[in-house]
Amino acid sequence: MENRMNSTPHSAPPRTVINRAAYSGLFLGAYLSILALLTGLSQSFQPAALLVWGATLGLPFMVYSLLRRSLAETSFESPFSEIWAEGIAMMFLASTIQAVVIYGGLRYLAPDYIANSVAMAIDYFEAMGTQAGNQWADTLISVRAANGLPTPTDVVAQVMSMNLIGGTFLTLVLSAVLKLRYASGERRRRYTGRRDAMNQ
């Protein structure tokens, strides 16, 4: 009784894995949504493409940072399976948020985005002046003529599938890296010290 009172008077118990995944998923969802908006903007504003490139490279570091923060909340005691499960849940929520943003953008803000993208692709392939380029251009022209362009729902489904497949693999690797790196007590203390200093 005395040990329990002395060990937890000033600290709250760690949140459940679902709560941590939901909290982190909101941040990651905002990140992915900004990435999607920048991708759409890059069609008419070329510098946005550089931001898309930078944000895409930064995505693994963002996910790593969120998972590390959650791991630290459990005093680095979460097993590998729990970290990975949290990462998958976090990616699912984030992908859902991004999907809503993409659907709204393609359905209401930029309904011609898909058609314009296909037209730009046709022009690009035709400008190549090669047989392969002409074949790709003819294929896209045939698809467009047959009203076979993807709908906003198709795009959203494809993006979510790619996010979940890629996110499952990414969080698998990052979970393993976190468990290996923070098996060191010294590394744990350094991270905890920096975090506490920033929170003061």
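In this text the structure is predicted, and so the values were computed from the model without any measurement.

J.: Help me get a handle on the overall build of the protein, residues and values and all.
T.: Helix and strand counts for the protein stand at 8 helices and 0 strands. The C-alpha radius of gyration computed for the protein amounts to 22 Å, which surpasses the reference 16 Å derived for 200 residues by more than 25%, pointing to a less compact arrangement than a globule. For the protein, the proportion of its 200 residues judged to be buried stands at 28%. Looking at the protein alone, contacts between residues at least 24 apart form 78% of all its contacts between residues at least 6 apart. When the accessible surface of the protein is split by element, carbon and sulfur atoms take 66% of a total near 12,500 Å². In the protein, the 15 positive side-chain charges and the 12 negative ones have mean positions that sit 12 Å from each other.

J.: Describe unusual backbone geometry, listing the residues and the values that go with them.
T.: Note: most peptide bonds trans; most residues except glycine with negative phi. In this structure, Ser75 takes a positive phi of about 60 degrees despite not being glycine. Tracing the sequence through the fold places Ser75 in the loop between helix H3 (47-73) and helix H4 (80-109). When its relative accessible area of 48% is taken as the criterion, Ser75 is described as partly exposed.

J.: I'd like to hear about the nonpolar core, residue by residue, with values.
T.: Counting residues in hydrophobic clusters, the biggest one holds 22 residues, and the most contacted among them are Leu28, Val63, Leu67 and Leu178. When residues of this core are traced back to their parent elements, those giving at least two are helix H2 (17-41), H3, H4 and helix H7 (152-181). Top contributing element to this core by residue count: H3, with 9 residues. Among the nonpolar cores identified, the runner-up in size contains 7 residues, and Ala36, Leu106, Ile114 and Val156 belong to it.

J.: Go over the layout of surface pockets, please, and point to the residues and values.
T.: In this model, the largest pocket occupies a volume close to 870 Å³. In terms of residue count, H7 provides more of the lining of the largest pocket than any other element does, 8 residues in total. Its residues placed into classes, the lining of the largest pocket shows 21 nonpolar, 10 polar and no charged. Looking at the second largest pocket, its volume works out to about 260 Å³. Around the second largest pocket, the lining residues are Arg15, Tyr23, Arg69, Ala72, Glu73, Ser75, Phe76, Thr192 and Arg195. For the lining of the second largest pocket, the secondary-structure elements that each account for two or more residues are H3 and helix H8 (185-199). With 3 residues, the single largest contributor to the lining of the second largest pocket is H3.

J.: Give me a nonpolar patch on the surface: which residues, what numbers.
T.: Together, Tyr23, Leu26 and Phe27 make up an exposed nonpolar region whose accessible area comes to about 290 Å². A relative accessible area of 37% places Tyr23 in the partly exposed class.

J.: Tell me about the environment of Thr151, residues and numbers included.
T.: Within the secondary structure layout, Thr151 lies in the loop between helix H6 (131-145) and H7. Overall, Thr151 belongs to the partly exposed group, its relative accessible area being 35%.

About the criteria used
- Residue positions are given per chain, counting from 1 as you read along its sequence in written order.
- Under the rules for a predicted model, residues below a pLDDT of 70 receive no local features and side-chain atom pairs below 80 are neither given nor counted, while totals for whole chains, interfaces and linings still include all residues.
- The side-chain numbers reported here are obtained from all heavy atoms of the structure, hydrogens and water having been left aside.
- Secondary structure elements follow DSSP: runs of H or I no shorter than four residues count as helices, runs of E no shorter than two count as strands, and numbering proceeds from the N terminus.
- In this treatment the radius of gyration is a C-alpha quantity, and the globule benchmark scales as 2.2 Å times the residue count to the 0.38 power.
- Per-residue accessibility, obtained with a 1.4 Å probe over protein chains only, is compared with the maximum for each type, and a residue is labelled buried under 20%, exposed over 50%, and partly exposed between these values.
- Every residue pair with non-hydrogen atoms within 4.5 Å of one another is taken to be in contact.
- What sets the accessible areas is the Shrake-Rupley method with a 1.4 Å probe; for residues, cover comes only from the shown protein chains.
- A residue counts as positive if it is Lys or Arg and as negative if it is Asp or Glu; His and the chain ends are not included.
- Charge placement uses NZ in Lys and CZ in Arg. For Asp and Glu, CG and CD serve respectively.
- Nine residue types can take part in a nonpolar core, namely buried Ala, Val, Leu, Ile, Met, Phe, Trp, Tyr and Cys, and a core is a set of them joined through side-chain atoms within 4.5 Å.
- The definitions used throughout rest on a 1 Å grid laid over the protein atoms alone, on which a cavity is an enclosed set of points accommodating a 1.4 Å probe that cannot get out and a pocket is an open set flanked by protein within 12 Å on both sides along at least five of seven lines; lining residues are those having an atom within 4 Å of a point.
- Grid points are joined across faces, edges and corners, and a volume is the space filled by probe spheres set on the points.
- Amino acids outside the nonpolar list (Ala, Val, Leu, Ile, Met, Phe, Trp, Tyr, Cys, Pro) and the charged list (Asp, Glu, Lys, Arg) are all regarded as polar, and Gly is one of them.
- Distance thresholds for patches are 9 Å for like charges and 5 Å for nonpolar side chains (Val, Leu, Ile, Met, Phe, Trp, Tyr), applied to residues having over 30% relative accessible area and no salt bridge.
- Salt bridges are defined as contacts in which a side-chain nitrogen from Lys or Arg sits within 4 Å of a carboxyl oxygen from Asp or Glu.

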